[in-house]
Amino acid sequence: MLSGRRESLKVDGDSLSLLLCDAVAEALTDKNDRFTHISHEFWDMEPKSGMEVALIPNIDPIDIGLGSSEKGNVVPPGKPRKKTMTSVYLKFFETVSDGKSRRCKFCGQSYSIATATGNLGRHLSNRHPGYDKSGDTVIISAPQGPQPSPIVKKHQPQLKTSQVELDHLNWMLIKWLILASLPLSTLEEKWLENSFKFLNPTVQIWPVGKFQAVLREVFRSMREDVRAILQQVSSKVSITLDFWTSYEQILYMSITCQWIDEHWSFQKVLLDICRVPFPCAAAEIYHTLVKVLKLYNIENKVFSCTHDDSPNATQACHTLKDDMDDQKVGPFCYVPCAARTLNSIINDALRTTNPVISKIREFVLEMNASLEISQDFIQYTTAYQEGNWKFPLDASARWSGSYQMLDIARKAAKSMETVIRKYEMLGSRMLLNSVEKNAVSIMHAYLEPFFKTTTNICTNKVPTIGLVLFFMDHISEMIVACRESRHSPDWLKNAAEGMTTKAQSYNDQVCNVFTYMAAILDPRIKVELIPESLNSENYLEEARSHFMRYYSTSHIPSISGSYGAQELEDGGSVSFAEEIARKKRRASMSSATDELTQYLSEPPATIPTDVLEWWKVNSTRYPRLSMMARDFLTLQATSVAPEDLFCSKGDEIDKQRFSMSHESTETVLCIRSWTQCGMKFKYNSTEIDYERLMELAAAAAAAASDSNGAGSDKKQK
C-alpha cells in the first residue's frame, strides 16, 4: 500500500512539475502579450496638438516580411525524425551537481530533473529562439500528427501587430546612423541585429538597400525645404567652400550658404556635399558649384565666396566672378579662408620645435591613459603651485593641442620632470634638456598672442571679415617684429620669413573694395581700426559711389537680389517732368550719402559689441545703410568654422568624412547638418516625429517595468 502511494506521489509530482512549467511558460507569454498590448495602446493614443501628419509613413517599396520566431525550427510533419526530442532538448541543458535539477546553458534557468522534455522545448522556443543554430547544427523535428504548440498560437497575433514597433526600431537606427555620421555598412554587422534579437526575437532589421532608399527619399524631401527657405531670402547671400578626400580617394566639396535675415539673425545652411569629378581641377569645381547654385535658384543672389586658398578653388571662383560680371547680376568677390592661412602660418612657426612638442605629447598621452600618473601630476602641480590642470588634457596634433604641450612644459616643468623620474616606465627619453626647455620658453612666449587670437576668433559669435582682418593685421605686426628683433634666435627668424610670405599673400588676395566696405560696416571697426593695407581714400570714394548707386531710395534691391542699372549721364533734351524727377533723385542720393557720412563720423563701438544686435537697434537711424550692411556683413572670413580647424573637434569630423563611403556621404552628412540646424526630419514630405517615438518607447518600457515588478511582488508573496 505504501509502495502504491509512493508511486502515486511520483506520478503526481511529475504532473505537478509539468503544470508548474506550463504556468511559467504561460506567464512569460502573457507578459509579452501585455507588453505588446500596452505598446499599441500608446501607439493608438490621440496625437498631441499640432501633430496632424502620420508619425511614421507607410513604406512599401521593399518588403521587410516578418516571419515567426519558430521559422526554421519545425519541418513538415511527414519527414522522419532525425533525433529524438529528448536528446535534442537535453543537449542545451546541464545536470546540476545535486542530481535533482537541470540548468539551461543559455540563461541558467533551473528545472526539476523530472520536468517533461516538452516543457524544456517550450523554454527554448520562448526564451532562446534560434537556439538550434547555436554551436552544432541540430534540426528539430515536430512530433507526428498535428500538435500545435500553445506558445506558437500566442505569438501569431503579436507578429501581425508588431510591424509598427519594428518600423520604429528601423527609424531609430536611421537617426542613430545620421547623428553619428556612420556609413551604411554599419547596419550590415550581424552582431547589431543579433543584439536586438536577443531582446526581441521578432526583430527584422531592414536590408542596407532599404535603408539607402529611405535615406535618399529623406534627403530629397529635406532638400526641397532648403530650397523653399532660400526662395524667401530677400538679401544677398554668401557661400563657403570646403574640400576633403575620402578613403576611396574621392574629392568632395561642401557648399554652405549664409545670410542675415530681416530680424538681424545670422543664418547658415549646408547646400550640398558634391563629388568633384576627375581630374578635380578648377573647371570641375566651377561646373559643380554652378550646378548647385542653379539647383537652389540663388545664382543671382550670391555676393561672395570664401574658399580654402587652393589654386584650383581660387581659379574656379575667378571664373565664377567673370560670369557674374558678364551677366551684370551685381557685385561679386571671393576671398581666401583666414583660418586656414593662420593655421598654416602657425605650423611654420612650430616646425622647428615639433620634435620637442612630440616628446611632451607622448608624456601627456601616458598621463591621460593612467589615473595614477595623472593624480600624481595634479598633486605635484598643486604642491609646486604650477597651475590647475583638468584631465584628459588636449593632446591632439591640432593647434590647440600643440599649444597646450608648450603650456605644460613652460608652466609645469618641475612637476613634469618629477613624474617622469618617479615612473621608470616613462623612460628618461621624455626628459627635456636645457636647450629644449629654452626653445619651449621662447616659442611659448612668441605664440601666446597667436593662441589668444585664435581663441577669440573661435568664441566670437559672428567673426566678421572686419574683425578677422583686424586680428590678421596684428599677427602680421607680430611676425615683422620678431623678424627684425635682435633678440630673436636665428631659427625663429628663419621661421618668421616663411610666415611673413604667407601673411603678405593673404593680404594681397583679401584687400579689395568689397572687403573694405564689409569692414567699415562693422561698427566696431569702421575706418579707425581698419588695417593700413586696406585703408585707402580711393576705396572710401568707391564705397560712397556704390552706396548711392545701389542703395538710394530709387534703387533698393529687389527680392531676387539683382541691382538696378547705373543712372545715365545728363545729355539731350529732357522733359520738364524728367528735370523734376532728377532733382528729387539727387536730393534722395544726398540724403543717402549723409547716412554713410554720419555713420562713419561716430566713434566705433566697443569690441565686445554684438554686431547684428547693433544694426538691429540702429537700422531705423540708417534705413538705407542697414540694407547695405545686411548684404556685406554676410561676407565670411573663414570657409570652415575656426574651432573645427584649430581644436580637437576637427579630428572627429575628419575621421567621419574619411571613413564615409561614396554611397552615403552626401545623404548622411547633409541630413545630419540639416537636422542639427533645426530642420524637421521628413520622408515623402511627411515629418518623422522622433520626440513622439521616444515618448512611446519610454512609456512602453515603463509599462514593461511595472509589469515585471508586479510579477516579482506576486512571487515574493
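As the structure is a computational prediction, the values presented were derived from the model and not from experiment. (Residues numbered from 1 in each chain as written. Predicted model: local features only at pLDDT ≥ 70, side-chain atom pairs only at ≥ 80, totals over all residues. Heavy atoms only, no water.)

Right, let's get into the nonpolar core. Phe363, Tyr446, Phe450 and Trp615 are the most contacted members of the largest nonpolar core, which totals 98 residues. It is helix α16 (residues 465-484) that contributes the most residues to this core, 9 residues altogether. (Core = buried A, V, L, I, M, F, W, Y, C linked by side-chain atoms within 4.5 Å. Buried < 20%, exposed > 50% of the residue type's maximum accessible area, 1.4 Å probe, protein only. Helix = DSSP H or I, 4+ residues; strand = E, 2+ residues; numbered from the N terminus.)

Attention shifts here to the sheet that holds strand β8 (residues 333-336). Adjacent strands of a sheet pair through backbone hydrogen bonds, lying either parallel or antiparallel. The strand order across the open sheet formed by 5 strands is β6-β5-β4-β7-β8, and the pairing between neighbours is mixed. The open sheet is flanked by β6 (266-275) and β8, the only strands paired with a single partner. Between one strand axis and the next, the sheet turns by 20 degrees as a mean value, whatever way the strands run. Sheet strands touched by helix α7 (residues 208-231): β5 (251-260) and β6. Its angle to β6, the strand with the most contacts, is close to 135 degrees. (Pairing = 2+ DSSP bridges. Axes fitted to C-alpha atoms, helices over the stretch in contact; angles between N-to-C directions. Contact = heavy atoms within 4.5 Å.)

Time to look at the sheet that holds strand β3 (residues 110-112). Taken together, the 3 strands give an open sheet; going across it, the order is β1-β2-β3, and neighbouring strands pair in antiparallel fashion. Unpaired on one side and paired on the other, β1 (93-95) and β3 mark the two borders of the sheet. Going from strand to strand, the sheet's axes swing by 30 degrees on average, the running direction of each strand aside. Summarising the sheet, β1 and strand β2 (residues 101-104) pair through 3 bridges and their orientation is antiparallel.

Helix-helix packing is characterised by the crossing angle of the two axes and by the distance between the axes. At a closest axis distance of 10 Å, the pairing of helix α13 (residues 399-411) and helix α15 (residues 434-459) adopts a crossing angle of 135 degrees. Classified by the interaxial angle, the pair formed by α13 and α15 is oblique. Every pair of crossing elements has a handedness; the one defined by α13 and α15 is left-handed. Residues Trp399, Tyr403, Leu406, Asp407, Ala409, Arg410 and Lys411 of α13 form the contact with α15, whose participating residues are Val440, Ser441, Met443, His444, Leu447, Glu448, Phe450, Phe451 and Thr454. Of the residues in the contact of α13 with α15, the class split is 9 nonpolar, 3 polar and 4 charged. (Parallel < 35°, antiparallel > 145°, perpendicular 65-115°, else oblique. Left-handed = near helix turned anticlockwise from the far one by under 90°. Nonpolar A, V, L, I, M, F, W, Y, C, P; charged D, E, K, R; others polar.)

Applying the stated rule across the entire model yields 25 salt bridges. Here Glu193 and Lys190 are joined by a salt bridge, their closest N and O atoms 3.2 Å apart. With a gap of 3 residues between them, Glu193 and Lys190 both fall in helix α6 (residues 190-199), about one helical turn apart. Look at Glu193 and you get buried, because its relative accessible area is 16%. A salt bridge links Lys437 to Glu417; its shortest N-O distance comes to 3.3 Å. Of the two residues, Lys437 is situated in helix α15 and Glu417 in helix α14 (residues 413-422); the sequence distance between them amounts to 20 residues. On the basis of relative accessibility, which here comes to 37%, the residue Lys437 falls in the partly exposed class. Take Glu417: its relative accessible area is 27%, and that puts it in the partly exposed class. Within the structure, one salt-bridge network assembled from shared partners comprises Asp242, Arg340 and Arg657. (Salt bridge = Lys/Arg side-chain N within 4 Å of Asp/Glu carboxyl O.)

The next thing to look at is the pairing of strand β7 (residues 302-307). Across the 6 residues of β7, 6 count as buried, placing the element largely inside the fold. Pairing of strand β4 (residues 237-245) with β7 involves 4 bridges; the strand directions are parallel. Residue pairing for β7: Val237 is matched across the bridge by Val302. Summarising the sheet, β7 and β8 pair through 4 bridges and their orientation is parallel.

Glancing now at the packing of helix α8 (residues 282-295) against helix α9 (residues 311-327). The N-to-C vectors of α8 and α9 enclose an angle of 50 degrees; their axes lie 8 Å apart at closest approach. Regarding the angle of α8 to α9, the classification is oblique. For the element pair α8 and α9, the recorded crossing hand is right-handed. Contact residues: Ala282, Ile285, Tyr286, Leu289, Val290 and Leu293 in α8; Asn312, Ala313, Gln315, Ala316, Thr319, Leu320 and Asp323 in α9. In the contact of α8 with α9, the residues fall into 9 nonpolar, 3 polar and 1 charged.

Now for the confidence of the model for the protein. For the protein, the mean per-residue pLDDT works out to 79, and 75% of the residues sit at or above 70. Here residues 1-55 is a poorly scored stretch, pLDDT under 50, and it has 62 contacts once near neighbours within four places are set aside; other chains count. The low-confidence segment residues 585-589 (pLDDT under 50) makes 8 contacts with residues lying over four places distant or belonging to another chain. (pLDDT = per-residue confidence, 0-100.)

Turning to helix α22 (residues 623-632), a few remarks are in order. With 8 of its 10 residues buried, α22 lies for the most part within the structure. Turning to α22, its buried residues are Arg624, Leu625, Ser626, Met628, Ala629, Arg630, Asp631 and Phe632.

The subject of this paragraph is the state of the cysteines. Overall, the coordinates contain 0 disulfides when judged by the stated rule. Cys274 provides the cysteine sulfur closest to Cys670, a residue in no disulfide bond, and the two sulfurs are 7.8 Å apart. Here Cys670 falls in the buried class, since its relative accessible area comes to 0%. (Disulfide = S-S within 2.5 Å.)

Now for the environment of Leu633. By the element assignment, Leu633 lies in the loop between α22 and α23 (642-646). A sequence separation of 397 residues divides Leu633 from Lys236, and the C-alpha atoms of the two residues are 9.8 Å apart. Apart from residues no more than four positions distant in its own chain, Leu633 is found in contact with Ile260, Ala518, Leu521, Asp522, Val611 and Trp615.

Moving on, we come to the packing of aromatic side chains. What the rule picks out here adds up to 29 aromatic pairs. Between Trp244 and Tyr252, the aromatic rings sit 5.8 Å apart at their centres with planes inclined by 25 degrees, giving stacked as the arrangement. No difference in accessibility class separates Trp244 from Tyr252, as the two residues are buried. Where Phe363 meets Phe377, the ring centres are 6.2 Å apart and the plane angle is 65 degrees; that geometry is what we call edge-to-face. Here Phe377 lies in helix α12 (residues 371-383) and Phe363 lies in helix α11 (residues 354-369), a separation of 14 residues in the sequence. Take Phe377: its relative accessible area is 0%, and that puts it in the buried class. One aromatic cluster is present, built from ring pairs that chain together Trp171, Trp206, Phe211, Phe681, Tyr683 and Tyr690. The ring of Tyr384 has Lys414 sitting right over it, with the charged end atom 4.6 Å from the ring centre. Above the ring of Trp244, the side-chain terminus of Arg657 is found at 3.9 Å from the ring centroid. (Phe/Tyr/Trp six-rings, centres within 6.5 Å; stacked < 30°, edge-to-face > 60°. Lys NZ or Arg CZ within 6 Å of the ring centre and 35° of its normal.)

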